[in-house]
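# Coordinates in review
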Amino acid sequence: MADSKVVPFLDVKATYLELQRSIDDAYRRVMDSGYYILGPEVEKFETEFANSCGATSCLGISNGLDALHLILKAYGIGPGDEVIVPSNTFIATWLAVSFCGATVVPVEPDIETYNIDPKLIEKAITSKTRAIIPVHLYGLVADMDPILKIAKAHNLIVIEDSAQAHLAMYKGRIAGNLGHAAGFSFYPGKNLGAFGDAGCVTTSDIKLSKRIAQLRNYGSDVKYHHLVQGTNARLDELQAAFLRAKLELLPSWTEKRRNIASTYMRAIDGHAAIKAPKIEDRASHVWHLFVVRVRDRKKFQAHMTSHGVSTLVHYPIAPHLQEAYEGGPWKQGSFPISEMIHHQVVSLPLGPHMTESQIAQVVQACKAYNGEKI
Ligand SMILES: *Cc1c(COP(=O)(O)O)cnc(C)c1O
């Protein structure tokens, strides 16, 4: 395969090339307007994005981490409070809690879905528990019904980490409208990505939405009148204008992701050495990442590289084993399912701008893999 081209993991520039005209228009519109932070483009994007996930309200925020952080802050969660998080997630979910001064209480995932296992949540609840943050990891919505039921019984707030799950569905409802509030990221590599950092909060809790609107803007509704000690976590006009252009194409991009995922699923169905991700309903997954498990990750990645296919690992080290959480109550072996996942997962290239021949190259490389049984 030495003469064939390498399949990149993700081509983010392709979204610009496809939308060049409307992106360039958006740029000129904002430059001409004279508004650069929290203006008409942000307002319009907020309305359009809230509609896309069926929430009453959307607030543009500087990034996904700030979105989660501000939701916790707005609910008054802080020192002495406990928040249940998945042991298996990108570290931002944990950092949002830690940054508020609250304590993370990790719960293990289901090995099939990689998402928090609702059966294990109740055991982690104490008198200090205030909230649960299910993460819709890799684009698959967490099993929300049992989570919401437990939360209701214990009077807990449910905050969706929807950073990887734009337009993902759960029993006919859309991510971002399944709990009390949700945080989204529009980091460039996400399914809906800006050309810089951006994020948002969606909620149907109007009181919460008002509080977050203050918190993101120095704690003020009216300029130079500060009601609370807020921060600066605003979204700028340029990114909002770019996101509006991209949001129009998101449903068709999501459909392309689903079609590629179906092709991969068929290709590795029954493969002894590659474990495919699990889905129950086509609409539930938006395939932010297509993640397989293998016994010998080094060998698999080397094999894929030799077939001209780029792969990445999401993520190589579980949050509880990161240096950032050294000194915490955990050690190697504290979360064995999560640790095994972090040891075995590999992400295959998947994006709406892949060509047929790139997809075929990934399929062939997978089929040609001859590793230990998983
Ligand atoms: C990307 C991501 C975040 C953070 O988003 P940023 O915009 O990078 O701050 C939070 N949670 C998860 C699961 C993510 O993938």
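Described below are features of the structure shown in this document. Values in this document were obtained by computation on a predicted structure and should not be read as measured data. (Residues numbered from 1 in each chain as written. Predicted model: local features only at pLDDT ≥ 70, side-chain atom pairs only at ≥ 80, totals over all residues. Heavy atoms only, no water.)

## Focus: the packing of aromatic side chains
Tallying each qualifying case throughout the model produces 14 aromatic pairs. Connected via pairs of aromatic rings, a cluster forms that spans F45, F49, F184 and F186. Here K246 stacks its cationic end above the ring of F195, 4.5 Å away from the centre of that ring. (Phe/Tyr/Trp six-rings, centres within 6.5 Å; stacked < 30°, edge-to-face > 60°. Lys NZ or Arg CZ within 6 Å of the ring centre and 35° of its normal.)

## Focus: the state of the cysteines
Counted under the stated rule, the structure contains 0 disulfides. Unpaired in terms of disulfides, C200 finds its nearest cysteine sulfur in C58, a separation of 3.8 Å. (Disulfide = S-S within 2.5 Å.)

## Here we look at the packing of helix α9 (residues 250–268) against helix α12 (residues 356–367)
Where α9 contacts α12, the two axes come as close as 9 Å, and the packing angle between them is 20°. The orientation of α9 relative to α12 falls into the category roughly parallel. Seen along the crossing, α9 lies across α12 with a hand that is right-handed. Judged by residue contacts, I260, T263, Y264, A267 and I268 of α9 engage I359, V362, V363, C366 and K367 from α12. (Axes fitted to C-alpha atoms, helices over the stretch in contact; angles between N-to-C directions. Helix = DSSP H or I, 4+ residues; strand = E, 2+ residues; numbered from the N terminus. Parallel < 35°, antiparallel > 145°, perpendicular 65-115°, else oblique. Left-handed = near helix turned anticlockwise from the far one by under 90°. Contact = heavy atoms within 4.5 Å.)

## Notes on the pattern of salt bridges
For the coordinates displayed, the defined rule picks out 9 salt bridges. A salt bridge links R244 to E48, with the nearest nitrogen and oxygen atoms 2.9 Å apart. One end of the pair, R244, is in helix α8 (residues 237–247); the other, E48, is in helix α2 (residues 40–53), and 196 residues separate them in sequence. The class for R244 is buried, based on a relative accessible area of 17%. Judged by its relative accessible area of 28%, E48 falls in the partly exposed class. Overlapping salt bridges, with partners in common, bring together R29, E41, E48 and R244 in one network. (Salt bridge = Lys/Arg side-chain N within 4 Å of Asp/Glu carboxyl O. Buried < 20%, exposed > 50% of the residue type's maximum accessible area, 1.4 Å probe, protein only.)

## Focus on helix α6 (residues 144–154)
Along α6, the positions that sit buried rather than exposed are M144, I147, I150 and A151. Looking straight down α6, one finds its buried side chains confined to an arc of 130°; they lie on one side. Those residues of α6 that are exposed and aimed more than 90 degrees away from the buried face are K149, K152 and A153. Those residues of α6 that are buried are in contact with α5 (121–124), β4 (129–132), β5 (157–161) and β6 (169–170). One or two positions beyond α6, positive phi appears at N155, with a value near 60°. (Arc of directions from axis to C-beta.)

## Here we look at the site of the ligand
Residues in contact with the ligand, as listed here, are N63, G64, L65, F90, A92, V135, D161, A163, Q164, S185 and K190. Here a nitrogen atom of the ligand and a side-chain polar atom of D161 are 2.8 Å apart. Contacts to the ligand include S185, whose side-chain N or O atom sits 2.6 Å from an oxygen atom. Relative to its free-state accessible area of 380 Å², the ligand is covered by the protein chains to the extent of 91%. Taken together, the residues of the shell around the ligand sort by class into 5 nonpolar, 4 polar and 2 charged. (Near = heavy atom within 4 Å. Polar contact = N/O pair within 3.5 Å; in protein donor to acceptor, adjacent residues only side chain to side chain. Areas by Shrake-Rupley, 256 points an atom, 1.4 Å probe, with all protein chains shown as cover. Nonpolar A, V, L, I, M, F, W, Y, C, P; charged D, E, K, R; others polar.)

## Focus: the environment of K152
On the secondary structure map, K152 appears in helix α6. According to the relative accessible area criterion, K152 is exposed, its value standing at 73%. A C-alpha to C-alpha distance of 20 Å links K152 and L68, two positions 84 residues apart in sequence.

## Describing the sheet that holds strand β2 (residues 82–86)
Read from one edge to the other, the open sheet built from 7 strands follows the order β1-β9-β8-β5-β4-β2-β3, with strand pairing classed as mixed. On the outer flanks of this sheet lie β1 (57–61) and β3 (103–107), each paired with one strand and no other. Put simply, the sheet's adjacent strands are angled 25° from each other on average, direction ignored. Here β4 runs beside β5; their pairing, made up of 2 bridges, is parallel. Bridge pairing links A131 to I157 in β5. Relative to β1, α2 is tilted by about 125°, and along the sheet it contacts β1, β8 (181–185) and β9 (199–203). Taken strand by strand, helix α7 (residues 206–215) contacts β1, β8 and β9, and its axis lies near 15° from that of β1. (Pairing = 2+ DSSP bridges.)

Just geometry here; none of it tells us what the structure is for.
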